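Structure at a glance
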Amino acid sequence: MITSLLDRKIDKRPNKVRLQGRILFLTEDPELIKRQLAGEDLPWDTRHPANNPKLRDDISTDEITPAHYCFYFDETLGEIPYLGLKCGDMLPIGRSDVKKGGFVCAVSGKRRGKGSSREQSPYAEMCAGIQLVIAENIERIYKQNCQNLGLLTSTNFSLIDKVRAAEEIPLTEFTTGEDEITRQVIEYGGLFPFNVARLQKKVFLPPIETEKRPMTLAEKIFARHMLDSQRGAGVPARPAEKSSAQAVTGAVKPGDTGFARADLRFSHEYVTPMAAIFFERYVGKDAKVSDPSSILFFRDHLTFLDEVISEEKKKLGLLDLATQLKLKQQDFAARQGIKLHGELKDRKGSEGICHSIVLESYALPGQLNIGSDSHTPHVGAIGCVAFGIGTTDVFNSWITKDVRVKVPESVRIIIRGRKHPNVTAKDFILRILSLDYVRSGKALAKVMEYAGEAIEKLSVDERATLTNMAAEIGGFTGIVAPDGKAVDFLVERRGMDRKKAESLVEGLYSDPDAQYAHTIELDAAEITPMVATPGDPGNGKYVRELDMPVPIELAYGGTCTAGKNEDMDMYARVLADALKQGKRVSDSVKFYIQFGSQETRDYCIRKGYLDVFQKAGAHVIEPSCGACINAGPGVTTRPEQVVISAQNRNFPGRSGPGQMYLASPLTVAASAVAGYIVEYEPSTERELAAAGR
């Protein structure tokens, strides 16, 4: 408990809001945006929406605040919003345009704020003068970041008329339909003032009184971790249930709200410095975080930035700013006694990507973990509830050791049958992302629970690809019930005693009659190698459906999603196969393979893969997020450049200006050898086909 906060004066915001300023409509037509920036107020018919220009859908946080500009972690971000917004083939918004335009409201279409959990995006909008965001639907992390900062959000387009008329808008317009805690966070103007009021016992925290019910795996884990004002972590069993041996912990249902105790809290150098500044500003420079032993920091995003950052950005001082991020994190870690997985001392590179290391060394089945990255669900592969949070949530968790949660609904994704030898978990997730249910936003903020025979056959590494990319679905998290594969992982990779590992997974499964918001069923035999065409991970199609050969200049295998041990098995398998046939990486292609962690690098050394990679002509890179975050070898440098990548996102500008196709490690490696996008055809299948001729 930080006692200085108990005397802090905290007031609610006024119960009516008047926004005085202009509205920026983020349309697909770049000329309409330019006209607004030049001073023209765009007409908008709220009663007849079909008469209006088309709004941009799927605006990612990469477009709101491109990665390199997130090196700023102060009010300078107000000059940045929408610099990466692509409309047609144009980037119509320049530096400081929004701030100079006097805009108080920004309007867009479906799935606003998808992608990265970076809180720099809504913070940049706020610093530019935006006080209200309106969209058809809004991604969970982005929306929660807005609420935490005090930025208002709505899906009610009729508010456009009220803003234009500078009418008072009741605050209830933004709190109606929200849970009790979210309502109070909005009323107090953000998460930190609410948490101070909470420590002062001024706010109402509704008790969870859900009666015993069948629960999903995620719900069981939430029930263990939701805080009870009397008992600490764990929803208490209701009196009528206490006779049951299984009723030690009570039940939760979707919609229950409260705070969940986190087993592990982590952040990386993109977020830690901004969170540290917030902590020092609002709590105190000499204040100490709660339980530093359960906090981890990582230097994993920007290790190779100096190799790819442009001279123009260097002149803007962005490389120097990136160095300041590293130094600020190091300083805060040292002063607070927090473990930092940092850069290597004997060569360039990092110890590993946060998600990779957390899965390899820290996360345990049944835990609740939070991290400053949307791909935190990675560790759901061993049966954790793990989810990404923004900067304000991070620094508040340092105070309270918990995180605000509304128990989400779950979607059950069942993949039956047996997959083809050249199909991987990446192909499964690209197929899922292409479904209308996902693309329309119906899966937003829900738990993705993967099951079925095809999932059960996957290794933990492969399951992590599915849970990791629950972020691209827009889901709350992804999870797989831990089984013998999870036990083997803990024994073989952690050296854990088998009996202890088996005890950790006991009871971690969904009840047979648990309720789901939706069930998706797929047949693994019907899925062949996939790609996601440039622009969005949801642009999935089968490789064999490509209209014509797609030549590539770059191939990239790495990141948290595809830098694991089994991913390396796949790259090595394809390249060893090529070498047997007298082939290597095409002369027209640069193929980069980047480890996710030092443990994976050591694994490759033991398996002899480095020799295979070198002989085949691949370039091997030490661990870092690298090209995925536009900060390492493998990024594109020209709009017409084509890259095939095993990473998780291909939003416009995410990894340079080029055209990025997403694919599995097998497809990426096979395409690197061929020089154009192809399916990998295992040599055994070729031999069988030849023998049958």
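To start, this report covers the structure provided alongside it. Think of each chain on its own: its residues are numbered from 1, step by step along the sequence as written. Local features in this predicted model are restricted to residues whose pLDDT is 70 or higher, and side-chain atom pairs enter the listing and the counts only when it is 80 or higher, whereas totals over whole chains, interfaces and linings include all residues. Computation of side-chain values: all heavy atoms of the structure, hydrogens and water removed.

Some remarks on the sheet that holds strand β18 (residues 477-480)
- Pairing in this open sheet of four strands is parallel, and the strands run β18-β17-β16-β19 from one edge to the other. Strands with a single pairing partner mark the edges of an open sheet, and in this sheet they are β18 and β19 (518-523). Strand after strand, the sheet turns through a mean of 20° between neighbouring axes, direction not considered.
- Two strands are said to pair when DSSP picks up at least two bridges between them. Secondary structure elements are taken from DSSP: a helix is a run of H or I of four residues or more, a strand is a run of E of two residues or more, and numbering for both begins at the N terminus. Relative to β19, strand β16 (residues 410-416) runs parallel, the two being bridged by six bridges. Along β19, the bridge assignment pairs V411 with H518.
- Most of the contacts of helix α10 (residues 217-225) go to β18, to which it runs at about 105°, and overall it touches β16, β17 (447-451) and β18.
- Contacts between residues were defined by any pair of non-hydrogen atoms, one from each residue, lying within 4.5 Å. Between the N-to-C directions of two axes lies an angle of 0 to 180 degrees, each axis being a line fitted to C-alpha atoms and, for a helix, fitted only over the stretch in contact. Its contacts with the sheet put helix α16 (residues 425-433) on β16, β17 and β19, and the angle it makes with β16 is roughly 125°.

Some words on the packing of aromatic side chains
- Only centres within 6.5 Å qualify two rings of Phe, Tyr or Trp (six-membered ring in Trp) as a pair; their planes then separate them into stacked at under 30 degrees, edge-to-face at over 60, and tilted for everything else. Under the definition given, this model contains 20 aromatic pairs.
- Ring centres of Y282 and F395 lie 6.1 Å apart, and the angle between their planes is 25°; this geometry places the pair in the stacked category. Highlighted residues: Y282 in helix α11 (residues 272-282) and F395 in helix α15 (residues 391-400), separated in sequence by 113 residues.
- Geometrically, the ring pair formed by Y609 and F613 is tilted, given 6.1 Å between the ring centres and 40° between the ring planes. Residue Y609 and its partner F613 are located together in helix α26 (residues 609-616), separated by four residues, close to a single helical turn.
- Counting every residue linked through ring pairs, the aromatic cluster contains Y123, F192, F278, Y282 and F395.
- We call a charge positioned over a ring when the NZ of a Lys or the CZ of an Arg lies within 6 Å of the ring centre and within 35 degrees of the ring normal. When the ring centre of F259 is taken as origin, the NZ or CZ atom of R198, which lies over that ring, is 3.7 Å away.

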